[in-house]
Amino acid sequence: MELYDTLTLDGARRDSTGNMVASVLAARVGIQDYAGYEVGKPDMSRVRVYRPAEEVFSRDSMRSFAAAPVTIDHPREAVTPWNWKDHAVGEVASDDIVKDGEAIRVPFLLRDAEAISTVLAGKREISMGYDCTLDWTPGQTADGEAYDAIQRGIRINHLAIVDRARGGPSLRIGDGEMTTKTITFDGLPLLVTDAAEAVIGKLQAQIGTLTTAKDGVAAELATAKTTIEAKDGEIAALKQQVADAEVTPAKLQSLADARAKLIDTAKKIAPAVVTDGKTDAEIRKGVVLARLGDAAKDMSDAAIEGAFAALTPAGSDALRDAITQQPISVGDARAEYEASRAKQKQALSDAWKQPAAANAA
């Protein structure tokens, strides 16, 4: 669990190179008060956390101060090798980390000119950022003070120079007070500690990131849905085309009948037209070319269709039959006419030879 502990900077001075050297009493022994939500117990309004001497002055705890980075205010993330350059303005000296009464005295060095100016202007409170494990075994100190949990495994992450405790309770041992402030959250005023403000700010940033990601995913899903619906439409159309193109015995018979009728019609119009190995369109074009000659060479497919329809025999229509038959010469027609006239005259000449009984009948 990440916690904060605030003390006051003292003994600040400048060295020969202009750096600022200072010391602070940190990691005090005793009981500190936290709001329940700050330590994962939202059902408790106040949690008393005990720092026993064996934890504060343990070798590993004290060594964790060595070379810890110094920052201006608490960063919203733990300081690591990957972000150290973004946050650090100095560091804790590796030597002279010593027990001083019921606390640890820590020397540190500020190397950043702007940070030094900030301290000289009055920003002098030090807040320790550290990790620890809370042992939720309640008990009492040797002095009879009750506590709810014990800090164990204290490890320093950074020291922050702050105006007041940012991200945690600003406490003095035994005073029981907690620094609070009013912030606006979701349009409403809210009284919180600095720790709560930091937590809320961090959560709001995470919510913003998640909302942006959610909006992006929603847009991608909408696009995917549109694409899927379009593909569903294509699949439905293709399925119908497959169904329409399915070859059944009835369709085969219908196709065969239509082919036979076309060939029969073509042969009636142009007996010499070739039909074997030809498509229906090629057969029609061959018929039209045979009947119309050069006039049909440049006809479009639609014109060929129309011409074929006009040439196709339609029952006993005498005019259509006359058009579709091979033309006869004028001489042949006149001979037939003369023969018919002669036949009629002969019939009139022989009419008187019929018996009277037949005439009477």
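Residues numbered from 1 in each chain as written. Predicted model: local features only at pLDDT ≥ 70, side-chain atom pairs only at ≥ 80, totals over all residues. Heavy atoms only, no water.

Engineer: Would you take a moment to explain the packing of aromatic side chains for this structure?
Structural biologist: Geometrically, a pair of aromatic rings is defined through the distance of the ring centres and the angle of the planes. In total, this model carries one aromatic pair according to the counting rule given. Ring centres 4.9 Å apart and planes at 25° place the aromatic pair Tyr50 and Tyr147 in the stacked group. Highlighted residues: Tyr50 in strand E5 (residues 47–51) and Tyr147 in strand E12 (residues 146–147), separated in sequence by 97 residues. Summarising the burial analysis for this pair, Tyr50 and Tyr147 share the class buried. Over the aromatic face of Phe57 sits the side chain of Lys99, whose NZ or CZ is 4.9 Å from the ring centroid. The positively charged end of Arg284 is found above the aromatic ring belonging to Phe308, 6.0 Å away from the centroid. (Phe/Tyr/Trp six-rings, centres within 6.5 Å; stacked < 30°, edge-to-face > 60°. Helix = DSSP H or I, 4+ residues; strand = E, 2+ residues; numbered from the N terminus. Buried < 20%, exposed > 50% of the residue type's maximum accessible area, 1.4 Å probe, protein only. Lys NZ or Arg CZ within 6 Å of the ring centre and 35° of its normal.)

Engineer: How do you make sense of a nonpolar patch on the surface when you look at a structure like this?
Structural biologist: A contiguous nonpolar patch, built from Val247, Leu252 and Leu255 and spanning about 320 Å² of accessible area, is present on the exposed surface. Relative to the assigned elements, Val247 resides in the loop between helix H5 (194–245) and helix H6 (249–269). (Patch = residues over 30% accessible without salt bridge, like charges linked within 9 Å, V, L, I, M, F, W, Y side chains within 5 Å. Areas by Shrake-Rupley, 256 points an atom, 1.4 Å probe, with all protein chains shown as cover. Salt bridge = Lys/Arg side-chain N within 4 Å of Asp/Glu carboxyl O.)

Engineer: Looking at this structure, how should I read helix H7 (residues 280–292)?
Structural biologist: Along its 13 residues, H7 runs 18 Å from first to last C-alpha, staying within 8% of the 18 Å computed at 1.5 Å per residue. By the burial criterion, the buried members of H7 are Ile283, Val287 and Val288. One side of H7 carries all its buried residues, which in axial view fall inside an arc of 130°. Buried residues belonging to H7 abut H6 and helix H8 (301–311). Remark: Gly293 follows H7 within two positions and exhibits a positive phi of approximately 70°. (Expected span 1.5 Å × (residues − 1). Arc of directions from axis to C-beta. Contact = heavy atoms within 4.5 Å.)

Engineer: What is the right way to look at H8 in this model?
Structural biologist: At 3.6 residues per turn, the α-helix brings residues three or four places apart onto the same side. Along H8, the residues classified as buried are Ile304, Ala307, Phe308 and Leu311. The buried residues of H8 occupy an angular sector of 100° when the element is viewed end-on, so they sit on one face.

Engineer: In this structure, what is going on with the confidence of the model for the chain? I would like to understand it.
Structural biologist: Low-pLDDT stretches of the model should not have their predicted coordinates read in fine detail. On average, the chain scores 79 in pLDDT, and the residues at 70 or more come to 74%. Contacts of residues 316–320 to residues separated by more than four positions or lying in other chains number seven contacts, the stretch itself having pLDDT below 50. Note on residues 357–361: pLDDT under 50 across the span, and one contact to partners over four residues away in sequence or across chains. (pLDDT = per-residue confidence, 0-100.)

Engineer: Can you walk me through the pairing of strand E9 (residues 103–110) in this structure?
Structural biologist: In summary, the side chains of a regular strand alternate between the two faces of the sheet. For E9, a buried count of seven out of eight residues is recorded, marking the element as mostly surrounded by other parts of the structure. Bridge count for strand E3 (residues 20–26) against E9 is seven bridges, and the pairing is antiparallel. Counterpart to Met20 in the pairing with E9 is Leu110. As judged from the three bridges shared by strand E7 (residues 88–92) and E9, these two strands associate in the antiparallel manner. For Glu91, the partnering residue across the bridge sits in E9 and is Leu109. Sheet analysis places strand E8 (residues 98–100) next to E9, joined by three bridges and oriented antiparallel. Residue pairing in the sheet places Lys99 in a bridge with Ile104 of E9. Here E8 folds back onto E9, and the loop between the two strands holds two residues, one of which, Gly101, carries a positive phi near 70°. (Pairing = 2+ DSSP bridges.)

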